[in-house]
Amino acid sequence: MKDKQITGRTGLICLLGSPVAHSISPAMHNDSFRYHGLDYVYLAFDVAPERFDQAVDGLIALNARGWNCTMPHKRLMYERADVLSEEAQLIGAVNTVVQEHGVLTGYNTDGKGYMTAVTDAGYHIAGQKMTLLGAGGAAVSIMAQAALDGTPSIDLIARKGKSWDAAQKAADRINSRTPCKVQMYELQDKVQMKKSIGESGILINASSVGMSPYEDGCLVPDAGFFHSKLIVSDVIYNPRKTRLLKLAEQAGCAVFNGMYMLLYQGAYAFELWTGKQMPIEQIKEKYFR
């Protein structure tokens, strides 16, 4: 990858969120710009929610090509965008923006990133039922993209907390706009959980339960909830193998984590901004091995 020199013509692409200091996105995107010889720079800005609109106004004034939004700004960007992609409409959140002459088009590449990660791991889930654990942004993004990709039915199982209502609204949109049938169940109903998992081809933990440093956490009580033909996935990648994945392996299930969801959601954003493909293999080798 060639050395990058900032010039008077260098374009700005960035990340808005809080916190953002941990993000790998600047490294991924700046390496990809260098690979293609593109005169862009990607920066991360820690922006408080009350300053979000000011930050967006500033980026428009600076003629930024686009930006990513991470927590807590995805819903705010959804409300601010002028045009919304199909998946962003279903999800109710935006993680990627393309700016053209002050017109902001909002996308959500999270679910597409996950579905590509499934294929990358060597699995084909077309036509199979999916069970999702969790009702937050990751779960809703995966649910929406899976529906758009032709998944026939999805059971979403979660605590009836602050994310439940937003997830239910997304489920209602998916049910009314796609052939997919989404049903939501409360986490405490373990009989239903076992039934849902038993009928599914893939189980995905899209919650934060099991993430470091709370690695003993797991929403599935024991290995008896799995069947040997089930694919089990966790959006968590720290640790690389959560307790959920360990239990699933005990039952003979195929398993994989969410590391490449991060890679592919970024790759789709990169293509929206530049029209070029991120050098996936080089980025994998440098940051994801």
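As a starting point, this report considers the structure included with it. (Residues numbered from 1 in each chain as written. Predicted model: local features only at pLDDT ≥ 70, side-chain atom pairs only at ≥ 80, totals over all residues. Heavy atoms only, no water.)

## Thoughts on the overall build of the chain
And step 1. Regarding its fold elements, the chain presents 11 helices and 12 strands.
And step 2. Its C-alpha atoms give the chain a radius of gyration of 19 Å, near enough to 19 Å, the size a compact globule of 289 residues would have.
And step 3. When the backbone C-alpha atoms are referred to their principal axes, the chain occupies close to 60 × 40 × 35 Å.
And step 4. The buried share of the chain, reckoned over its 289 residues, is 53%.
And step 5. Once the 30 positive and 29 negative side-chain charges of the chain are each reduced to a mean point, those two points are 2 Å apart. (Helix = DSSP H or I, 4+ residues; strand = E, 2+ residues; numbered from the N terminus. Rg over C-alpha atoms; globule rule 2.2 N^0.38 Å. Buried < 20%, exposed > 50% of the residue type's maximum accessible area, 1.4 Å probe, protein only. Lys, Arg positive; Asp, Glu negative; His and termini not counted. Charge placed at Lys NZ, Arg CZ, Asp CG, Glu CD.)

## Structural notes on the nonpolar core
Here is a general trend for soluble globular proteins: nonpolar side chains tend to be buried in one another's company.
And step 1. With 36 residues, the main nonpolar core has Tyr 114, Met 130, Leu 132, Ile 142 and Met 143 as its most contacted residues.
And step 2. Looking at this core, the elements that each hand over two or more residues are helix H4 (86-91), helix H5 (110-120), strand S7 (130-133), helix H6 (137-148), strand S8 (153-158), helix H7 (164-177), strand S9 (181-186) and strand S10 (202-205).
And step 3. No other element matches the seven residues that H6 contributes to this core.
And step 4. Ignoring any residue separated from it by four or fewer positions in sequence, one finds Met 143 in contact with Leu 132, Ile 154, Leu 156, Ala 167, Ala 170, Ala 171, Ile 174 and Val 182.
And step 5. If you look at the next biggest cluster of nonpolar residues, it comprises 21 residues, including Met 259, Leu 263, Trp 273 and Ile 280. (Core = buried A, V, L, I, M, F, W, Y, C linked by side-chain atoms within 4.5 Å. Contact = heavy atoms within 4.5 Å.)

## Some remarks on the pairing of strand S3 (residues 66-69)
And step 1. Here S3 shows no split at all, with Gly 66 and Asn 68 on one side and Trp 67 and Cys 69 on the other all buried.
And step 2. When S3 meets strand S5 (residues 96-100), the two strands line up antiparallel, connected through three bridges. Residue pairing across strands places Gly 66 opposite Val 98, the latter belonging to S5. (Pairing = 2+ DSSP bridges.)

## Some thoughts on the packing of H5 against helix H10 (residues 259-274)
And step 1. Contact geometry of H5 with H10 gives a least axis separation of 7 Å together with a crossing angle of 120°. Judged by the angle between their axes, H5 and H10 are oblique. Seen from above, H5 lies across H10 with right-handed handedness. Between H5 and H10, the residues in contact are Asp 110, Lys 112, Gly 113, Tyr 114, Thr 116, Ala 117 and Asp 120 and Tyr 260, Met 261, Tyr 264, Gln 265 and Tyr 268, respectively.
And step 2. Considering only residue class, the contact of H5 with H10 consists of six nonpolar, three polar and three charged. (Axes fitted to C-alpha atoms, helices over the stretch in contact; angles between N-to-C directions. Parallel < 35°, antiparallel > 145°, perpendicular 65-115°, else oblique. Left-handed = near helix turned anticlockwise from the far one by under 90°. Nonpolar A, V, L, I, M, F, W, Y, C, P; charged D, E, K, R; others polar.)

## Here's the deal with the packing of aromatic side chains
And step 1. Counted according to the given criterion, the structure contains six aromatic pairs.
And step 2. Aromatic side chains Phe 33 and Tyr 40 sit 5.6 Å apart centroid to centroid with 45° between the ring planes, which places their arrangement in the tilted category.
And step 3. The class for Phe 33 is buried, based on a relative accessible area of 0%.
And step 4. Between Tyr 114 and Phe 256, the ring centres sit 6.2 Å apart and the planes meet at 20°, which makes this aromatic pair stacked. Here the residue Tyr 114 occupies a position in helix H5, and Phe 256 occupies one in strand S12 (residues 254-257), the gap between them amounting to 142 residues. (Phe/Tyr/Trp six-rings, centres within 6.5 Å; stacked < 30°, edge-to-face > 60°.)

## Here's the deal with the sheet that holds S9
And step 1. Read across the sheet, six strands follow the order S9-S8-S7-S10-S11-S12 without closing on themselves; strand pairing throughout is parallel. Each of the sheet's edge strands pairs with one partner strand only, and the pair in question is S9 and S12. Averaged over neighbouring strand pairs, the angle between their axes works out to 15° when direction is ignored.
And step 2. In the packing of H7 onto the sheet, contacts are made with S8 and S9, and the angle to S9 comes to roughly 160°.

## As for the pairing of S9
And step 1. Bridge count for S8 against S9 is six bridges, and the pairing is parallel. Residue Ile 154 lies in a different strand from S9, and its bridge partner there is Val 182.
And step 2. Once the chain exits S8 it traverses H7 before rejoining the sheet at S9, and the crossover so formed is right-handed. (Right-handed = clockwise from strand over helix to strand, strands pointing away.)

## Section: helix H8 (residues 190-199)
And step 1. Restricting attention to buried positions, one finds in H8 the residues Gln 192, Met 193, Ser 196 and Ile 197. Down the axis of H8, the buried set is contained in an arc of 130°. They therefore lie on one face.
And step 2. For H8, the elements touching its buried residues are S7, S8, S9 and S10. (Arc of directions from axis to C-beta.)

## Structural notes on the sheet that holds strand S1 (residues 11-17)
And step 1. One open sheet accounts for six strands, arranged S2-S1-S3-S5-S6-S4; its pairing is mixed. Of all strands in the sheet, those with a lone pairing partner are strand S2 (40-46) and strand S4 (83-84), marking the two edges.
And step 2. Bridging between S1 and S3 involves four bridges; their strand directions are parallel. Considered in S3, the bridge of Ile 13 is made with Gly 66.
And step 3. Taken strand by strand, helix H1 (residues 25-36) contacts S1, S2 and S3, and its axis lies near 170° from that of S2.

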